[in-house]
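Spelled out from the first residue to the last, the chains are:
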Amino acid sequence: MAEAKKLLGAYAALGTDTLKRDRTITRFKDRLEGPAAFFDLDEFSATSNMEADDIARLIASLNQLPMGPGQRLVIVREAQALPPEGKDALVSYLKDPNPDASLLLVADKLDARSKLYKAVSAQGRGAIIRCEEPKGKDAGSQVDRMAQELGLRLDPLAKNELLDRVGQKAALLSRALRTIREQHEGLTWVDVDTIRATVERSEAAAPWIVAEAVIAKDGKKALELVFESGEEGRIGYHVWITRYLREALVAKELAQDGYGEQRGTEMLAERFGVRPQEKGPQNAWRHRAPWRAARRFSRSELVRLLDRALDVEDALKGSANEESELVRWICEICD
């Protein structure tokens, strides 16, 4: 068997994805060999009030020789909390690190301009291990990978529903998928109904999801999302529903002037793009929902519903009937 590649003097696993960080720690621990492996592992949890004795013990641990055939491993969790004295001590140590030991710092973030970050990075290629939370479409790809590890496949609607219910944190996604695996033995294909029946919502539904349901006159879905989310998202729901109604009214006018869907959605993107870089044809897809919704409403209906939006806004700013006003408005739109 080929000899395992020697570890660098130090690594830093950085990011808020706790699942990736935990897996990184596990991979490093798995390298410890033989009956002495227990003695070749030392773990610390940093705090901002670490005393000089704690820092000295950390450096002494790094300088120890391993008892087994491999390298010694020293893990420092919450490394972003290290006091200046602790960071300085590690920087000094890393100028000439023990070749028979490896340091693994685990942190939400380390300033890339700091001496400690630069000292770790200087140990070699791969010393900085990125553990950031996935964003946007990357979150969907991560869900697919996690599901495959459990022998599951999710249809696109189920994947979107899962992300909407628990967010993009890998640890929560992993827990939700394992719950599905445990509660549905033998299941391989996961549809949206399975997600809704098994996974509880842990954060408010995204406001644009609620607004899309409302503007599509899917009152059942819209109200389910509102009630599941509690008070947290009400203001956001009002803002996005109002925005979609306003866009639908403009789309109505454009359609009456003879514009078709493709050019019309491009013009909506030009008119309602939040930031300059979001305007233009490439982002027109964001405005298809209100464009198509314009066909479901008359001009007078849209004007009346936008006028009612002012009453709902007043209620959301302090009325005791804020939920009932929002629900009543949604019902009016979806009627």
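Predicted, not measured: the structure shown is a model, and the values here were computed from it. (Residues numbered from 1 in each chain as written. Predicted model: local features only at pLDDT ≥ 70, side-chain atom pairs only at ≥ 80, totals over all residues. Heavy atoms only, no water.)

Engineer: Please provide a residue-by-residue account of the overall build of the protein chain, values included.
Structural biologist: Within the protein chain, the secondary structure is distributed over 15 helices and 7 strands. In the protein chain, buried positions account for 47% of the 335 residues. In the protein chain, of all internal contacts separated by at least 6 residues, the share reaching a separation of at least 24 is 76%. Counting only carbon and sulfur atoms, one obtains 50% of the accessible surface of the protein chain, whose full area is about 18,300 Å². (Helix = DSSP H or I, 4+ residues; strand = E, 2+ residues; numbered from the N terminus. Buried < 20%, exposed > 50% of the residue type's maximum accessible area, 1.4 Å probe, protein only. Contact = heavy atoms within 4.5 Å. Areas by Shrake-Rupley, 256 points an atom, 1.4 Å probe, with all protein chains shown as cover.)

Engineer: Mind laying out empty space enclosed by the protein, listing which residues take part and the relevant values?
Structural biologist: Following the criterion strictly, the structure yields 2 cavities of 30 Å³ or more and no others. Considering only enclosed or pocket space, the largest cavity measures out at about 50 Å³ in volume. Residue composition of the lining of the largest cavity, by class: 1 nonpolar, no polar and 7 charged. Roughly 40 Å³ of internal volume is contained in the second largest cavity. (1 Å grid on protein atoms, 1.4 Å probe; cavity = no way out; pocket = protein on both sides within 12 Å on 5 of 7 lines; lining within 4 Å. Points joined across faces, edges and corners; volume = space filled by probe spheres on them. Nonpolar A, V, L, I, M, F, W, Y, C, P; charged D, E, K, R; others polar.)

Engineer: Can you break down unusual backbone geometry residue by residue, with the values?
Structural biologist: Phi at E78 is positive, roughly 50°, even though this residue is not glycine. Here E78 shows up in the loop between β3 (72-77) and α3 (84-93). Phi is positive for K217, which is not a glycine, with a value near 60°. If you trace the backbone, K217 turns up in the loop between α9 (207-215) and α10 (219-229).

Engineer: With reference to specific residues and values, describe the packing of aromatic side chains.
Structural biologist: On inspection of all chains with the given rule, the structure shows 4 aromatic pairs. Ring plane angle 75° and centroid distance 4.9 Å describe the contact between Y11 and F28, whose orientation is recorded as edge-to-face. Of the two residues, Y11 is situated in strand β1 (residues 10-14) and F28 in helix α1 (residues 18-29); the sequence distance between them amounts to 17 residues. Three or more aromatic residues joined by ring pairs form one cluster here, namely W208, W240 and Y244. The positively charged end of K217 is found above the aromatic ring belonging to F297, 4.6 Å away from the centroid. Geometry around W240 places R243 over its ring, the cationic atom sitting 4.8 Å from the centre. (Phe/Tyr/Trp six-rings, centres within 6.5 Å; stacked < 30°, edge-to-face > 60°. Lys NZ or Arg CZ within 6 Å of the ring centre and 35° of its normal.)

Engineer: Now, about the confidence of the model for the protein chain: what can you tell me, with residues and values included?
Structural biologist: The predicted model of the protein chain averages 84 in pLDDT, with 90% of residues at 70 or higher. Every residue in residues 274-282 is under pLDDT 50, and counting partners more than four places away or in other chains gives 12 contacts. (pLDDT = per-residue confidence, 0-100.)

Engineer: Can you tell me about α3, naming the residues and giving the values?
Structural biologist: For α3, the complete set of buried residues consists of G86, L90, V91 and Y93. Along the axis of α3, the buried positions cluster into a sector of 160°, meaning they face one direction only. For α3, exposure combined with an orientation more than 90 degrees from the buried face picks out P84 and E85. Buried residues along α3 sit in contact with α2 (52-63), β4 (101-107) and α4 (115-121). (Arc of directions from axis to C-beta.)

Engineer: Explain the sheet that holds strand β5 (residues 128-130) to me, and be specific about the residues and the numbers.
Structural biologist: With respect to topology, 5 strands assemble into an open sheet ordered β2-β3-β4-β1-β5, the strand pairing being parallel. Both outer strands of the open sheet, β2 (41-45) and β5, are each paired with one neighbouring strand and no more. For this sheet, the mean inter-axis angle between neighbouring strands, taken without regard to orientation, is 15°. Here β1 runs beside β4; their pairing, made up of 5 bridges, is parallel. Residue pairing across strands places Y11 opposite L104, the latter belonging to β4. (Pairing = 2+ DSSP bridges. Axes fitted to C-alpha atoms, helices over the stretch in contact; angles between N-to-C directions.)

Engineer: Go over the side chain of D155, please, and point to the residues and values.
Structural biologist: Within the secondary structure, D155 is located in the loop between β6 (153-154) and α6 (156-166). This buried residue, D155, is left without a salt bridge; K159 holds the nearest opposite charge, at 8.8 Å. Separated by 2.6 Å, the side chain of D155 and the backbone nitrogen of A158 make a polar contact. Each residue touching D155, except ones within four places of it in the same chain, is listed here: W189, V190, D191 and V192. (Lys, Arg positive; Asp, Glu negative; His and termini not counted. Salt bridge = Lys/Arg side-chain N within 4 Å of Asp/Glu carboxyl O. Polar contact = N/O pair within 3.5 Å; in protein donor to acceptor, adjacent residues only side chain to side chain.)

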